[in-house]
Each structure stands twice: as structure tokens, then as C-alpha cells.
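The lines below spell out each chain.
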Amino acid sequence: MSSAAANMKRTSAVTPCKTMRGHTEGVQGVAHLPGRQRIITCSYDGSLRLWNLESGAQLGGEWRDGRDKAAVRTMALSPNGKTLATGSQDGTVRLWDVKMGKVVVKWKRHTRFVKSVYWSPNGERVVSGSYDGTARVWDVKSKEPVKRLNPIKTGHQHVHAVSYSPEATMIATGGYNEHGIKIWDAKTGKLLSKTIKDYYDIWSLAWTLDEKKLIAGLSGGSIRIFDTATWQQIAILEGHTNLVYSITLFPNDRLLASTSWDKTARLWNLDSNLQVGPPLKHKKDVECAAFATDGKLLSTGCADENAYVWDIQAILKTAGLEDLLSIPDAPKDEQKLYMSSGSSSIECVSPSQSSQDIEDKPFLEVDATRGFDHLGDAEYELSPGFFDDTQANALVLFVARRPETASEKAKRIKNPKPWHIDSHFLLVTLFRLPHHEPYSILIPVNLHVAQLHPTQRTQRHVLP
């Protein structure tokens, strides 16, 4: 028996570790929120729902836009994790404030249902694709459609998938009729390449982070990988027996998850282009999937009205492929960040993966005067003038701690204690204030920045 067959046999009894029940129609979208504690889903029943990842319980009531009952066909979480874009059966694109669970922006220009939405990497724009054959780009800050990009008349009869390239210079569309993929200039809306044609229509798209490959899921059940320098097919992943409805990449570009109307989700090793472990079997068509931040869990949405959570780390461990979750160190030119004033410097080991807010910015652009609550949201702010009379030859201490659980937060508020550094706190940064020699340290990863105890947040903690 080959090693691949042996691995398949040993992992043949894979079952979900959590099941989220509550939607009354099929689940169309799923996303993991920052903090690794919650996921959010959308459904044909017209609602969005928030879930506790550990217990599988729904958190609060369903989210709806007033009395609107239109099916929610797709959704995408913003890069900072604070806003959710959704596309509905009635052709409407909505932006939801995740913290409030309410709609903050609504766009309705598509004439048929919205099948796909995707954020630009900087979170400033959203592109939507519709069964009316168009893609449209929306400006999040101005809340207006972007000129020259609204609409992009794709030539597809139906647009099934839209995707920004990682550098935000291109938009890929895939759909039905004129089967294939088209690449558009993200600023002008002009077609950049000939249609990458195929016998089957395109249902899902994903770029690798280096923009060297574009991956597509097709109605025939195959997954095809294209070289973006030549737009030639360089690999094909085969295993699904029905259309590939969604694909999602883990950020290291080595692990791919796909979902299909063959009632399975599958994992793929992109180093070898082979399937990892057995199919993740569902009772009905699988519509969507999303990796947790660390890749150890995968959530899927199914036409049986449920969402499921799968232990990906266990599957990879059994297959001897745990390294597929590794994220390489940042390039050397991205590892060092320097202060723009004075001569101080900070050396960063690698980008933090613990907080979506910190992921979106270099370390020194993070607001270090704000703390976070137990869900990773800004909770309190240092008072004005906090550092005004700090001595110029002092070392200022910043600390960070892991996010509190709800019970820890309640206990802290009920029994406040003087601020101190204990096992929950780790040193993050020591830096000299202006007019002093350079001083470099290593910053631990996976930490929230500058969290002072709320009861002592107006005190300076200075080392002589």
C-alpha cells in the first residue's frame, strides 16, 4: 500500500468537531472573526448569525437589515475584521458593522442577485459580481460607486466569482457563457488579457499572495492553476465529482480548501498538487469554507442549513504534513521598522497574526494609546498628555497581554487591582525617547500592543 493510500485510510473517519445549528435555509458564507473565538455565517434565510467557536452556540439574535428577507448569497470580511460585505438575492451589496451587527452602507445597482463580493487588500474598496453579467466596484470611505468601474461589463452572462489581486492592480472575474477568466485593470476597468477560456464555467477564484498563480474552481469538478505571467495552465487538481463552488487559500499559499456540490470539502497540498486526507463529507452541497487565522480549523457552510468546524491540524498531523500550516519569516527588508523621528529603531521578528487590526498595519502605525477588550476591539484610551512630561532620558515601558475571556473581564471589573506585570503580561517594547542613541529589541509576535490596566491607564510607567 502506498504512503498516500495509507494516510487516506488512517484519516477515513474524519468528522466535524463542532456543528452550528440555527439557520432555516442553506448556509452560503462563513468567516472567522479576529480573536479566534467567533465565526459568522450568512444564509438563504436572509440572516447573518454569530457563533461561539468553542461551544458552537449562537451568540445573540440573527442579524437582518430591517424587515428585509432577501437571501444572502455571499459575504466577505474586511482585512481589519471590522466590516462585513454581503451580496443578496435582490441585487443589493451591504456593509455591516461587525461590532454592532448593523448595516452601515447599502448599494443597489445590480439588476440580478449578487453571487460574489471581495475586498481590496487595503480595505478601501469592494468589488461585487452579479448574475446580471457585471462587476461593480464600490468606495467604502465615500460610500459611492467608483467611476469607470461601475459597471465593468464583463461579457459573462453570469458572473460567479470576482477577486482582487494581492497588489490590487487587477480584478479577476469568472462566470458562465464566455466560459473562463478575464483580467481587468483595477483602476481603469480595461480588459488586460484575452479570456482564459475553458469548456466549463468558472465558479470560484483565488490568487496566491505573490500573484504568480491564479486558481480557479470549475463546474466540471476540477481545480485549475494558471501562471499569471503567461496565463497558461500549469496544474490541475482532480477529485471533486461536481462543480467546485468555493476555494480558499491559507495565507502561506501551500494549503488550499475547496467545497463542492458533490457534498464534500477537500484539502490540497499545493507543494505536490495532491489531495490531503479524505474528503470532508457533508449531507448536502457544500457552499463555502474559511480557515481560522492559524489554519488549525476550517469552517464550512452546507445546504443542510448547518455550519461545521473541522480539525485541520489533526488531519495534517495524521498525514505527516503539519508543516503545511507553517508561515515563513517575513523577508529581511520587511522585518525591520524604523521610527520616523529621532534615532530609535525597533526590530520586528515577524508580522503578528493575533489581531487583525495589527495585521493590517506596520507595528509603528498601530495606535499604541488604545487598549482592547476581550474580543480584540478598542476599549479604552490613554488620557491626553500621557507622555508630555516624561523625562527625555527615560525608557518607556509598553506591555501586551492576551485578550481576556468574558469571565476574566467580569472578575477584573468587579475586583480591580493595582496594575502590575504578571503571567498575563509580556514585555513588548523598550525604546529611548528622542535625542538618544539607537536602541533595538525583538518584539514578540502574537500579542496585542500597549494594554495598560484600565484602572491605571492615566499613570506613566517609566524606567529610569
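A. Representation of the pattern of salt bridges within the structure. In this structure the tally under the stated criterion is eleven salt bridges. Across the pair aspartate 68 and arginine 94 runs a salt bridge, and its minimum N-O distance is 3.4 Å. Taken together, the positions of aspartate 68 in the loop between strand 4 (48–52) and strand 5 (72–77) and arginine 94 in strand 7 (residues 92–97) put the pair 26 residues apart, joining distant regions of the chain. Overall, the relative accessible area of 4% leaves arginine 94 in the buried class. Ionic contacts of the salt-bridge type, sharing partners, join the residues Asp65, Asp68, Asp90, Arg94 and Lys106 into one network.

B. Broad picture of the sheet that holds strand 14 (residues 158–164). The strand order 14-15-16-17 describes an open sheet built from four strands, whose pairing is antiparallel. For this open sheet the edge positions go to strand 14 and strand 17 (196–197), each flanked by a neighbour on one side alone. As judged from the six bridges shared by strand 15 (residues 170–176) and strand 16 (residues 180–185), these two strands associate in the antiparallel manner. Counterpart to glycine 175 in the pairing with strand 16 is glycine 180.

C. Inspection of the sheet that holds strand 25 (residues 274–281) at higher detail. The four strands are arranged 22-23-24-25 in an open sheet whose pairing can be described as antiparallel. If you trace the sheet from one side to the other, it starts and ends with strand 22 (244–249) and strand 25, each paired once. The mean angle between the axes of side-by-side strands here comes to 20°, regardless of whether they run parallel or antiparallel. As defined by bridge partners, strand 22 adjoins strand 23 (residues 255–260) across five bridges and the pair is classed as antiparallel. Looking across to strand 23, one finds that serine 246 is bridged to threonine 259.

What counts as what
Residues numbered from 1 in each chain as written. Predicted model: local features only at pLDDT ≥ 70, side-chain atom pairs only at ≥ 80, totals over all residues. Heavy atoms only, no water. Salt bridge = Lys/Arg side-chain N within 4 Å of Asp/Glu carboxyl O. Helix = DSSP H or I, 4+ residues; strand = E, 2+ residues; numbered from the N terminus. Buried < 20%, exposed > 50% of the residue type's maximum accessible area, 1.4 Å probe, protein only. Pairing = 2+ DSSP bridges. Axes fitted to C-alpha atoms, helices over the stretch in contact; angles between N-to-C directions.

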